[in-house]
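Structure assessment
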Amino acid sequence: MQTYDFITLLGPTASGKTGFAARLAYLLDAEIISADSRQVYRRMDIGTGKDLADYTVEGRQIPYHLIDIAEPGTKYNVFEYQRDFLEVYNDIRARKRRVIVCGGTGLYLESVLRGYRLSPVPPDPALRTRLEKKTLAELTELLRSYKTLHNTTDVDTAQRAIRAIEIEEYYRKTPLEDRPFPRFSSLTLGIDVDRETRRRRISERLKSRLEEGMADEVLGLLAEGIDAEDLIYYGLEYKYLTLYATGHLTHEEMSARLEIAIHQFAKRQMTWFRGMERRGTPIRWLPSPLPRLSETADYLRRNGLAELADSIDKKS
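Below is a summary of the structure that appears in this document. Here the structure is a predicted model, which means the values were calculated and not measured.

About the criteria used
Residues numbered from 1 in each chain as written. Predicted model: local features only at pLDDT ≥ 70, side-chain atom pairs only at ≥ 80, totals over all residues. Heavy atoms only, no water. Core = buried A, V, L, I, M, F, W, Y, C linked by side-chain atoms within 4.5 Å. Buried < 20%, exposed > 50% of the residue type's maximum accessible area, 1.4 Å probe, protein only. Helix = DSSP H or I, 4+ residues; strand = E, 2+ residues; numbered from the N terminus. Contact = heavy atoms within 4.5 Å. Salt bridge = Lys/Arg side-chain N within 4 Å of Asp/Glu carboxyl O. Pairing = 2+ DSSP bridges. Axes fitted to C-alpha atoms, helices over the stretch in contact; angles between N-to-C directions. Parallel < 35°, antiparallel > 145°, perpendicular 65-115°, else oblique. Left-handed = near helix turned anticlockwise from the far one by under 90°. Nonpolar A, V, L, I, M, F, W, Y, C, P; charged D, E, K, R; others polar. Phe/Tyr/Trp six-rings, centres within 6.5 Å; stacked < 30°, edge-to-face > 60°.

Once that is clear, we can look at the nonpolar core. Membership of the largest hydrophobic core comes to 56 residues, with the highest contact counts inside it found for Phe6, Ile33, Tyr81, Phe85, Val101 and Phe273. Among the elements that take part in this core, helix 11 (residues 251–278) stands out by supplying nine residues, more than any other. Apart from residues lying up to four places away in sequence, Phe6 is in contact with Phe85, Tyr89, Val99, Val101, Val112, Leu113, Phe184, Ser185, Ser186 and Leu187. Counting residues in each nonpolar core, the second largest holds 32 residues, with Tyr4, Ile32, Cys102 and Leu290 among its members.

Below is the structure:
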């Protein structure tokens, strides 16, 4: 008998979690809620790794949510994610469908799994003016005075660091709004990929995406009038490709630095997921390689998930 509200599938970039989530959704008649902080943006497809083709399984389109819901240049945040998650989750459950949450943004995942209570943080122009002359190193040290930096993407750029300080300063001065978030129960599965395999996949995928036209995607966003600093704010692919597009890096420099940055990002993701376990979120780690569609039930049963495998068998 199912005793959880949804299945969560998490893992580092290039772990194959999206395709596996789609196959599970196909077998369980479920819908997928994305937990990716950059895939929310429209027209940012190659750089964020949306891999939308993965959502078609055996000719069936698997419904997915919280992808392509915000315009590039805006700054979608975890408060908005919680709000949108609840709306989508309640709609799916009202239609008697199962839910799979899939993603790699640890903060978004943990905000739902642990029921963070958040309130929206408005801009503070005076604070921004005071901080705008500080270096990234100075901003990083200032942010450390507020909290332990679990999420190092907060200090990828000065703009991100200033926003993070703005949020922390607001919470320091303002009591949390009484905004209860439901406590969900989740069967949380993690994709365990060994370091060398993960590094190889990241390198291969980066090469493929550059060949697919990832640089052209960024050039198109800039041509729309989206500010270069706004794209740099999104980090990783958009940071380095924007620096390349604006003449600050050569193609070779961009490619090399971006590859290193993605490897470092995947390592930080795994650090976050291990931290989630220490903070009380049980994660059942599943070994790679992941199974093909017809092998999924047997794979789950071999890895101690007989109840989930039985659910698949009953559906088929």
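Evaluation of the coordinates by the stated rule reveals 25 salt bridges. With a closest N to O distance of 3.7 Å, Glu110 and Arg114 form a salt bridge. Overall, Glu110 belongs to the buried group, its relative accessible area being 0%. By relative accessible area, which is 31% here, Arg114 ends up partly exposed. Via salt bridges that share partners, Asp29, Glu31, Asp91, Arg95 and Arg97 belong to a single interconnected network.

A few words now on the pairing of strand 7 (residues 186–192). For strand 7, a buried count of five out of seven residues is recorded, marking the element as mostly surrounded by other parts of the structure. The pairing of strand 1 (residues 6–10) with strand 7 spans five bridges and is classified as parallel. Residue pairing in the sheet places Phe6 in a bridge with Ser186 of strand 7. Pairing analysis gives four bridges linking strand 7 to strand 8 (residues 284–287), with the strands arranged parallel. The residue of strand 8 that forms the bridge with Ile191 is Leu286.

Further remarks concern the packing of helix 5 (residues 136–144) against helix 6 (residues 158–173). A packed helix pair is summarised by two numbers, namely the angle formed by the two axes and the spacing between the axes. Look at helix 5 against helix 6: their axes get within 9 Å of each other, and the N-to-C directions meet at 25°. One way to sum up the angle between helix 5 and helix 6 is to call them roughly parallel. Here helix 5 and helix 6 pass one another in a crossing that is left-handed. For the pair helix 5 and helix 6, the contacting residues are Leu136, Leu139, Leu142 and Leu143 in the first and Ala158, Ala161, Ile162, Ala164, Ile165 and Glu168 in the second. When its residues are assigned to classes, the contact of helix 5 with helix 6 shows nine nonpolar, no polar and one charged.

The next thing to look at is helix 3 (residues 106–113). Most of helix 3 is tucked away, with seven of its eight residues classed as buried. Among all positions of helix 3, only Gly106, Tyr108, Leu109, Glu110, Ser111, Val112 and Leu113 are buried. In this structure, the buried side of helix 3 is in contact with strand 1, strand 2 (30–35), helix 2 (78–94), strand 6 (98–103), strand 7 and helix 11. Positive backbone phi, at 65°, marks Gly115, one or two positions downstream of helix 3.

To continue, consider the packing of aromatic side chains. Pairs of aromatic rings are described using the distance from one ring centre to the other and the angle between the two planes. Applying the stated criterion across every chain, the model contains 14 aromatic pairs. Ring geometry for Phe85 against Phe184: centres 5.9 Å apart, planes inclined by 70°, an arrangement best described as edge-to-face. With Phe85 in helix 2 and Phe184 in the loop between helix 6 and strand 7, the pair connects residues that are 99 residues apart, well separated along the chain. Here Tyr233 and Tyr234 contribute two aromatic rings whose centre-to-centre distance is 5.9 Å and whose plane-to-plane angle is 70°, an arrangement assigned as edge-to-face. Under the relative-accessibility criterion, Tyr233 is labelled buried at 11%. Take Tyr234: its relative accessible area is 4%, and that puts it in the buried class.

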